[in-house]
Amino acid sequence: EIKPSEAVRQVKEKVAQELNVARALEQVKEVVKSANLPTKAIEKLEKVIQEVTSLAQTGQSVQAKAQLTQALNQLEQELQVEETKPSEVIRQVKEKVAQEPNVARALEQVKEVVKAVNLPAQAVEKLDKVIQGATRLAQTGQNVQAKAQLTQALSQLEQELQVAEIKPSEAVRQVKEK
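Everything numeric here is computed off the predicted structure, so don't read it as measured data.

(A) Spatial organisation of the overall build of the chain. Scanning the chain for helices and strands turns up 9 helices and 0 strands. Starting at the N terminus and ending at the C terminus, the chain contains elements arranged as α-α-α-α-α-α-α-α-α. For a compact globule of 178 residues, the expected C-alpha radius of gyration is about 16 Å, and the chain comes in at 21 Å, more than 25% above that figure. In terms of overall dimensions, the chain has a C-alpha envelope of 60 × 50 × 25 Å along the principal axes. Of all 178 residues assigned to the chain, the portion counted as buried reaches 34%. Within the structure as shown, the chain displays about 11300 Å² of accessible surface, and the carbon and sulfur contribution to it stands at 51%.

See the structure below:
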């Protein structure tokens, strides 16, 4: 089965090659019907289809196509984020935090992930506590400790999420191999 982000990427390429806005819209409508897209993605596409249709009807084909392409790009990126396993997202943000010399910016990056990514509730709770603790340390000039605490917590959370992501059948297989 094709991933939703891949379905959107494919239709985006077709739209880019299609000169006729009406035909481009038909291709997007086909993806809405046939691809296994999340409800939120379908709603966004339906809204864009309406907006682009009204632009095209008023003779604004160039703007219509540009808006359609932009919406498909944005949706593809959103779906890619949703399809990424939480542990992978945490690993990526941990790498960014490690490279970020400014503790305040590192904390902002973690806050963005908490808002943007669909993490389990207990992971969000842990991250909120760590952010608060690291913020307090940074406010008292203990930037090195703040960053260390943040990195350590992200590593621990990444490992916990990796364990949680293993399918039960996979866990049984791993136990049998030991």
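The discussion continues.
(B) A look at empty space enclosed by the protein. Counted according to the given criterion, the structure contains 1 cavity of 30 Å³ or more. Taken as a whole, the largest cavity encloses approximately 40 Å³ of empty space. Around the largest cavity, the lining residues are Pro38, Lys40, Ala41, Lys44, Leu75, Glu78, Leu79 and Glu82. Broken down by secondary-structure element, the contributors of at least two residues to the lining of the largest cavity are helix H3 (39-57) and helix H4 (61-83). Among the elements that take part in the lining of the largest cavity, H4 stands out by supplying 4 residues, more than any other.

(C) Region of the structure containing the environment of Leu37. For Leu37, the position within the fold is in the loop between helix H2 (21-34) and H3. Residue classification places Leu37 among the buried positions, given a relative accessible area of 8%. Residues Leu37 and Glu1, spaced 36 residues apart in sequence, show a C-alpha to C-alpha distance of 12 Å. Once residues within four sequence positions are removed from consideration, Leu37 is found in contact with Pro4, Val8, Val31, Val32, Ile42, Leu45 and Leu79.

(D) Spatial organisation of the side chain of Ser87. With respect to the element layout, Ser87 can be found in helix H5 (residues 86-99). Setting aside its immediate chain neighbours within four residues, Ser87 contacts Glu158, Leu161, Gln162 and Glu165.

(E) Looking closely at the layout of surface pockets. Looking at the largest pocket, its volume works out to about 370 Å³. The wall of the largest pocket is formed by 16 residues, among which Val81, Val89, Val113, Ala116 and Val117 lie closest to the centre. Taken together, the elements giving at least two residues each to the lining of the largest pocket come down to H3, H4, H5 and helix H6 (103-116). A class-by-class count of the residues in the lining of the largest pocket yields 6 nonpolar, 4 polar and 6 charged.

(F) Geometry of the packing of helix H1 (residues 4-17) against H2. As a packed pair, H1 and H2 sit with axes 9 Å apart at the nearest point and diverge in direction by 170°. Put simply, H1 runs roughly antiparallel to H2. Along the contact surface, H1 presents Ala7, Val11, Lys14 and Val15, while H2 presents Ala24, Gln27, Val28 and Val31. Here the residues of the contact of H1 with H2 sort into 6 nonpolar, 1 polar and 1 charged.

(G) Quick look at the packing of H2 against H4. Direction vectors running N to C along H2 and H4 enclose 25°, while the axes themselves pass 10 Å from each other. Looking at the two axes, H2 sits roughly parallel to H4. The crossing of H2 and H4 is left-handed. Of the residues in H4, those touching H2 at Val21, Ala24, Leu25 and Val28 are Ser61, Ala64, Lys65, Leu68 and Leu72. For the contact of H2 with H4, the residue count by class is 7 nonpolar, 1 polar and 1 charged.

Analysis parameters
Residues numbered from 1 in each chain as written. Predicted model: local features only at pLDDT ≥ 70, side-chain atom pairs only at ≥ 80, totals over all residues. Heavy atoms only, no water. Helix = DSSP H or I, 4+ residues; strand = E, 2+ residues; numbered from the N terminus. Rg over C-alpha atoms; globule rule 2.2 N^0.38 Å. Buried < 20%, exposed > 50% of the residue type's maximum accessible area, 1.4 Å probe, protein only. Areas by Shrake-Rupley, 256 points an atom, 1.4 Å probe, with all protein chains shown as cover. 1 Å grid on protein atoms, 1.4 Å probe; cavity = no way out; pocket = protein on both sides within 12 Å on 5 of 7 lines; lining within 4 Å. Points joined across faces, edges and corners; volume = space filled by probe spheres on them. Contact = heavy atoms within 4.5 Å. Nonpolar A, V, L, I, M, F, W, Y, C, P; charged D, E, K, R; others polar. Axes fitted to C-alpha atoms, helices over the stretch in contact; angles between N-to-C directions. Parallel < 35°, antiparallel > 145°, perpendicular 65-115°, else oblique. Left-handed = near helix turned anticlockwise from the far one by under 90°.

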